[in-house]
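Structural description and commentary
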Amino acid sequence: MTATDTQVMGGFERYLTLWIGLATVAGIAIGAIAPGVMAMIAAAEFASINLVVAVLIWAMVYPMMVGVDFGALSGVRKQPKGLLLTLVINWLIKPFSMALLAVLFFEIVFEPWISPEDAAQYTAGLILLGAAPCTAMVFVWSQLTRGDATYTLVQVSVNDMIMVVAFAPIVAFLLGVTDITVPWSTLVTATVLYVVLPLAAGLLTRRMLRSDTAIEAFSARVKPWSMIGLITTVLILFGLQGQVILTKPFVIALIAVPILLQSYGIFVLAYGAAYVLKVPHRIAAPCAMIGTSNFFELAVAVAISLFGLHSGAALATVVGVLVEVPVMLSLVAFANRTRARFA
């Protein structure tokens, strides 16, 4: 990559929020003007995972996987605080704080504008979001904050293993139902697409390149595609939900309130705790990002299977998708600005 290319990419990343905003507007416009195009993209789906979006996310994750050094895995044991903090936030705090906020807003604060039936549906959707920590996009957020690629992989992998056994019981407890059917095809497919395949490709790339200098040069060349994939993904996600956004703006705004409070609150808790515990920034930032973002494919799939495609619960999980990207970008910017404060 030439110096000019680096400067151009640096300028591109500096205005990433602007490009994301333009992609959001373009997506909503395309969804409203050309719904047939988005219908074709939506039809490319397997196990509740859109394959077009999956390919784009794969493109985003792959550049970071090239940076995963298996020889450095043993170093994770020297920094156990980051992994422990991730697990506490994701499984002992996040699901329950999301449930509390959902009940507070939909049954008390927003009670004059939302019927009890709809309130119960929206609460259920947010509980599903809160119980599903992020698997794929966290690699992108980690890359944008210069996170430790190897440590991030360990954090995500451990979370995925816990999710297999803990997701259904937590959701069943918070929803008060016992017939939770975890869509294993969604869980397995997402893990393979977003973790296993990019990791295997990254490992193969490292072996082919061999030297650290060649690996760094290759990573610099493919990194722009990660940002392009992110912007395209945003365009498609908002395009797929363009009609919903235009027809139910008030409801979406109400659902977004507890999601925003949860997202920023969890980030402050995780990031602040990492600072107090003197966790290095390259571990602390991804740690906070994992707790803040959600595995929305799983949440949407379970909401549809439990409550139906057009249910309020499904709508709430979709709003989680729409809110997540701009929120995470703002937190990435904050994490980058505060890097110097960490050891």
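Residues numbered from 1 in each chain as written. Predicted model: local features only at pLDDT ≥ 70, side-chain atom pairs only at ≥ 80, totals over all residues. Heavy atoms only, no water.

A look at the overall build of the chain
Scanning the chain from terminus to terminus reveals 15 helices and 2 strands. For the chain, buried positions account for 53% of its 343 residues. Of the contacts made within the chain by residues no fewer than 6 positions apart, 87% connect residues no fewer than 24 positions apart. Total accessible area on the chain is roughly 15200 Å²; 70% of this is exposed by carbon and sulfur atoms. (Helix = DSSP H or I, 4+ residues; strand = E, 2+ residues; numbered from the N terminus. Buried < 20%, exposed > 50% of the residue type's maximum accessible area, 1.4 Å probe, protein only. Contact = heavy atoms within 4.5 Å. Areas by Shrake-Rupley, 256 points an atom, 1.4 Å probe, with all protein chains shown as cover.)

Side note on the packing of aromatic side chains
What the rule picks out here adds up to 12 aromatic pairs. Here the aromatic rings of Trp113 and Phe250 are separated by 6.5 Å at their centres, their planes lie at 85 degrees, and the arrangement is edge-to-face. In this pair, Trp113 sits in the loop between α5 (80-109) and α6 (116-130) while Phe250 sits in helix α12 (residues 249-276), placing the two residues 137 residues apart along the sequence. Of the residues examined, Phe250 reaches a relative accessible area of 47% and is grouped as partly exposed. Each member of the aromatic cluster is reached from another via a ring pair, and the members are Phe105, Phe106, Phe110, Trp113, Tyr122 and Phe250. (Phe/Tyr/Trp six-rings, centres within 6.5 Å; stacked < 30°, edge-to-face > 60°.)

What to know about helix α4 (residues 51-66)
Note that an α-helix has 3.6 residues per turn; residues three or four places apart therefore point the same way. When the terminal C-alpha atoms of α4 are compared, their 22 Å separation across 16 residues agrees well with the 22 Å that a helix rising 1.5 Å per residue should span. The axis of α4 is deflected most strongly, by about 25 degrees, at Met60, and proline Pro63 appears within four residues downstream. Among the residues of α4, Val53, Ala54, Leu56, Ile57, Met60, Val61, Tyr62, Pro63, Met64, Met65 and Val66 are the ones counted as buried. By the N-cap criterion, in which a side-chain oxygen at the helix start approaches the backbone nitrogen of a residue two or three places on, α4 is capped by Asn50, the distance to Val52 being 3.1 Å. (Expected span 1.5 Å × (residues − 1). Bend = angle between axes of the 7 residues up to and from the residue. Polar contact = N/O pair within 3.5 Å; in protein donor to acceptor, adjacent residues only side chain to side chain.)

Quick look at helix α15 (residues 312-337)
Taking 1.5 Å per residue, 26 residues should reach 38 Å; α15 reaches 38 Å between its end C-alpha atoms and fits that length. Extensive coverage of α15 is indicated by the burial of 20 of its 26 residues.

Here we look at the nonpolar core
Generally speaking, a soluble globular protein has its nonpolar side chains buried in company with each other. Counting residues in each nonpolar core, the largest one holds 105 residues, and the members touching the most others are Phe106, Leu126, Trp141, Phe167, Leu230, Ile255 and Met289. Ranked by residue count, the leading element in this core is α15, at 15 residues. For Trp141, the contacting residues outside a window of four places in its chain are Leu230, Met289, Ser293, Glu324, Val325, Met328, Leu329 and Val332. Val66, Ile215, Phe218 and Val222 belong to the second-largest nonpolar core, a separate cluster that totals 6 residues. (Core = buried A, V, L, I, M, F, W, Y, C linked by side-chain atoms within 4.5 Å.)

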